[in-house]
Amino acid sequence: MITMTEVAAQTGINRMTLSKIANHPGYSTVTDNLDKLCDYFACRLEQLAEHLPNLKPADDDGVGDAQK
């Protein structure tokens, strides 16, 4: 098992930032951090992260903007 401390030491990304990326869906980070993580894990971005649509509350018609 790889620890946050190990990843932080190898990538130069702050451990608190890594924790936020891992534990808070939708957390916004800089692309440099994503590049470093892809390099560290030897993976593609889509294997590391997923797009979460910005869903707005439903309007009077009951349909959110992302569903229109």
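For the structure, check the block above.
Scope of this entry: the structure provided in the associated data block. (Residues numbered from 1 in each chain as written. Predicted model: local features only at pLDDT ≥ 70, side-chain atom pairs only at ≥ 80, totals over all residues. Heavy atoms only, no water.)

## A closer look at the layout of surface pockets
Considering only enclosed or pocket space, the largest pocket measures out at about 530 Å³ in volume. Contributing to the lining of the largest pocket are 19 residues, with I21, Y27, L34, L48 and A49 lying nearest its centre. Those elements that place two or more of their residues in the lining of the largest pocket are α1 (4–11), α2 (15–23) and α3 (31–41). If one sorts the elements of the lining of the largest pocket by residue count, α2 sits on top with 4 residues. Taken together, the residues of the lining of the largest pocket sort by class into 13 nonpolar, 5 polar and 1 charged. (1 Å grid on protein atoms, 1.4 Å probe; cavity = no way out; pocket = protein on both sides within 12 Å on 5 of 7 lines; lining within 4 Å. Points joined across faces, edges and corners; volume = space filled by probe spheres on them. Helix = DSSP H or I, 4+ residues; strand = E, 2+ residues; numbered from the N terminus. Nonpolar A, V, L, I, M, F, W, Y, C, P; charged D, E, K, R; others polar.)

## Regarding the environment of L18
Relative to the helices and strands, L18 is located in helix α2. We classify L18 as buried; its relative accessible area is 5%. C-alpha of L18 to C-alpha of A8: the two residues are 10 residues apart in sequence and 7.3 Å apart in space. Every residue in contact with L18, bar those within four places of it in the chain, is listed here: M4, V7, A8, I13 and L37. (Buried < 20%, exposed > 50% of the residue type's maximum accessible area, 1.4 Å probe, protein only. Contact = heavy atoms within 4.5 Å.)

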